[in-house]
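The residues making up each chain are set out below.
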Amino acid sequence: MAQEDVFKKLVAHCKEYGFVFQSSEIYDGLGAVYDYGQNGVELKNNIKKYWWDSMVLLHENVVGLDSAIFMHPTIWKASGHVDAFSDPLIDNKDSKKRYRADVLIEEQLAKFEDKIEKEVEKAKKRFGETFDEKQFRETNGRVLENQQKWNDLQARFVKALNDSNLDELKQIIIDQEIVCPVSGTRNWTDVRQFNLMFSTDMGAAADGAMKIYLRPETAQGIFVNYLNVQKTGRMKIPFGIAQIGKAFRNEIVARQFIFRMREFEQMEMQFFVRPGSELEWFQKWKQTRMNWHQAIGFGSDNYRFHEHDKLAHYANAAVDVEYKFPFGFKEVEGIHSRTDFDLSQHQQFSGKKIQYFDPELNESYVPFVVETSIGVDRMFLQIMAASYSEEEIVSEDGKKDMRVVLRIPAPLAPIKLAVLPLMKKDGLAEKAREIIDDLKFDFNCQYDEKDSIGKRYRRQDAIGTPFCVTVDHITMEDNTVTIRYRDTMLQDRVAISDLKNIISGEVSLKKLFAKL
Ligand code: ATP
């Protein structure tokens, strides 16, 4: 199936099975804002718990925080967001559609990459076992030609970004003959900078009101609480502060479902270190975070690091963790060495001393910071994309059938088990309820008595429930049930009293932590 079709199906599936809804849908929706439904919210909470526990529970020197969304406006001046948190936008005069100029050029770069990969794939098929990929990449004419085009464009693009040269960005779009995907024309406006922060007014009276911003990242809430946490927690450097919370960006282009939203959620950790040790910590966190991703089990080939072409004004090193989505490798998480920029700026703008007295060095300094910043929603999309699978199966009456199954790793699955009475009568329904009453304090359980058992299995497969427990007439005689495993569809007969053990071994987050 083409990757675009997979993505379309995934979006439809998210809605049909109560994972993600368009915000304000009955009013025709609100662009790039989404709501999480009954299953989505459970998956989202599990992702957050996996992240939070891996940071706060497993690291003695990382503590949590929950800072407010509204903050003093000067914070955003100090952080540089008021002046520089913007994206270069460009409009197509015919379609009236708006684009990010940098994204248009990145997509053009990806086209050259795709061409190269297609040549390699073709050759792989042609030469079979004898294929020497390295040699092919170094000598094939078409690969070299596309690689040269990529190199030239990349160099020009990075220079334009670093020089903040908006005219040059437009010129690149013209020279590369990039067309608007909607109108198909090259009738572009000039490139302009567009600030991504939302603002609102705080206070009642017009003259007394203060313009405040909806935070575009959670990180600043951590920086301005650095002293509070360090002092009250008696934290010693190196230490980290972790936070999960909403962030808001008035994104210019809001396509690709929950990949790019205007209201989203971040999981950020700021790690405060001694000046000079930040690049070492950067390397450590880079590896720690990649391990966290790979422990989920979607295959290491689907992840890669991407070094930033242009470092943000505050960073001396930065890398993204990218995942191979149906629409290509894209950023899920950023790991940034933010130097002492943020704390120094807040020190300057607030006039308060923000320093750490290091007893080992017997001196005070402004700590350096290494940040790990990941979007909950992008993780959510990654898990849905990696888990979605359509499979041909043979149904109970011997007919060929299809099943859609979400192979969500059991510790993250929204519902851990469904308890299904084979029929409502003969006390089976009551027995099923008894089982749920016993297990509901440990696992998220669901009761379902409607339709044939086959249909009920399909429904649970479609939301990724790893276990289905069926109560039948034998259950009434010997207190055993069948347990059906989502991935293999195999069934075992087990004692009701063993259920808790069997399930807890599989659904505990410890299963993922053991791989870290
Ligand atoms: P992009 O280049 O895709 O716009 P970014 O580099 O601006 O992302 P960061 O500022 O580093 O992103 O934010 C950290 C993380 O927050 C990202 O890796 C991503 O997972 C998430 N994130 C950022 N913007 C959005 C958004 N508009 N919608 C959903 N998640 C987002």
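Residues numbered from 1 in each chain as written. Predicted model: local features only at pLDDT ≥ 70, side-chain atom pairs only at ≥ 80, totals over all residues. Heavy atoms only, no water.

Visitor: Residues and numbers for the pattern of salt bridges, please.
Guide: Inspection of the entire model under this criterion finds 50 salt bridges. One salt bridge in this structure joins arginine 98 and aspartate 91, with 2.8 Å as the shortest N-O distance. With a relative accessible area of 38%, arginine 98 lands in the partly exposed category. For lysine 286, the salt bridge identified is with glutamate 307, shortest N-O distance 3.7 Å. You can see lysine 286 sitting in helix α11 (residues 278-295) and its partner glutamate 307 sitting in strand β11 (residues 303-307), a full 21 residues away along the chain. The buried category is assigned to lysine 286, whose relative accessible area is 13%. Look at glutamate 307 and you get partly exposed, because its relative accessible area is 47%. (Salt bridge = Lys/Arg side-chain N within 4 Å of Asp/Glu carboxyl O. Buried < 20%, exposed > 50% of the residue type's maximum accessible area, 1.4 Å probe, protein only. Helix = DSSP H or I, 4+ residues; strand = E, 2+ residues; numbered from the N terminus.)

Visitor: Give a description of the domain arrangement of the protein that names residues and reports values.
Guide: When cut into domains, the protein gives domain 1 (1-71 + 196-403), domain 2 (86-193) and domain 3 (409-513). With centres defined by C-alpha atoms, the gap from domain 1 to domain 3 works out at 34 Å. Contact residues are listed per partner, giving 23 residues for domain 1 and 20 residues for domain 3. At the boundary of domain 1 with domain 3, total buried surface from both sides reaches about 1700 Å², with 68% on carbon and sulfur atoms. Contact with domain 3 buries area across many residues of domain 1, yet Asn46, Tyr50 and Arg403 alone supply 32% of it, more than any other trio. (Domains from an automatic or database assignment. Contact = heavy atoms within 4.5 Å. Buried area = accessible area lost by both parts, 1.4 Å probe.)

Visitor: For helix α15 (residues 453-463), give the residues involved together with the corresponding values.
Guide: Among the 11 residues that make up α15, eight are buried, leaving the element largely enclosed by the rest of the structure. Burial in α15 covers these residues: Ile453, Gly454, Arg456, Tyr457, Gln460, Asp461, Ala462 and Ile463. The first or second residue beyond α15 is glycine 464, which carries a positive phi of 85°.

Visitor: Can you lay out the packing of helix α2 (residues 38-57) against α11 for me, pointing to particular residues and giving the numbers?
Guide: Two elements in contact, α2 and α11, have axes whose closest approach is 12 Å; the angle formed by their N-to-C orientations is 140°. When the axis of α2 is compared with that of α11, the two are oblique. When you trace α2 past α11, the crossing you get is right-handed. Along its contact with α2, which presents Tyr50, Trp51, Ser54 and Met55, the element α11 presents Trp285, Arg289, Trp292 and Ala295. Classifying every residue of the contact of α2 with α11 gives six nonpolar, one polar and one charged. (Axes fitted to C-alpha atoms, helices over the stretch in contact; angles between N-to-C directions. Parallel < 35°, antiparallel > 145°, perpendicular 65-115°, else oblique. Left-handed = near helix turned anticlockwise from the far one by under 90°. Nonpolar A, V, L, I, M, F, W, Y, C, P; charged D, E, K, R; others polar.)

Visitor: Requested: an account of a nonpolar patch on the surface, with residues and values cited.
Guide: Together, Leu57, Leu58 and Leu516 make up an exposed nonpolar region whose accessible area comes to about 290 Å². Residue leucine 516 is classed as partly exposed on the basis of its relative accessible area of 40%. (Patch = residues over 30% accessible without salt bridge, like charges linked within 9 Å, V, L, I, M, F, W, Y side chains within 5 Å. Areas by Shrake-Rupley, 256 points an atom, 1.4 Å probe, with all protein chains shown as cover.)

Visitor: Requested: an account of the site of the ligand, with residues and values cited.
Guide: Taken together, 16 residues are adjacent to the ligand, and Glu251, Arg260, Met261, Glu331 and Val332 come closest. A distance of 2.8 Å is found between a nitrogen atom of the ligand and a backbone nitrogen or oxygen belonging to methionine 261. Separating an oxygen atom of the ligand from a side-chain N or O atom of glutamate 331 is a distance of 2.6 Å. Here the ligand, which alone exposes 590 Å², has 85% of that area covered by the protein. Residue assignment for the shell around the ligand shows that the elements contributing at least two residues are β10 (263-273), β13 (328-339) and β16 (368-375). (Near = heavy atom within 4 Å. Polar contact = N/O pair within 3.5 Å; in protein donor to acceptor, adjacent residues only side chain to side chain.)

Visitor: So what's going on with the side chain of threonine 475? Which residues, and what values?
Guide: Note on placement: threonine 475 falls in helix α16 (residues 473-478). Polar contacts involving the side chain of threonine 475 include one to the main-chain amide nitrogen of aspartate 472, which spans 2.9 Å. Dropping the residues within four chain positions of it, threonine 475 is found in contact with Lys431, Thr470, Thr480, Val481, Arg493 and Ile496.

Visitor: Outline the sheet that holds strand β4 (residues 86-91), supporting the account with residue identities and numerical values.
Guide: Overall, antiparallel pairing links the three strands, which are arranged β5-β4-β6 in an open sheet. Looking at which strands have only one partner, the edges of the open sheet turn out to be β5 (98-100) and β6 (192-195). On average, each strand axis in the sheet is tilted by 45° relative to the strand beside it, whichever way the strands run. Here β4 pairs with β6 via four bridges, running antiparallel. Within β6, the position partnered with serine 86 by the bridge is asparagine 195. Helix-sheet contacts for helix α5 (residues 101-127) involve β4 and β5, and the interaxial angle to β5 is about 70°. Against the sheet, helix α8 (residues 166-175) engages β4 and β6, with an angle of about 45° to β4. (Pairing = 2+ DSSP bridges.)

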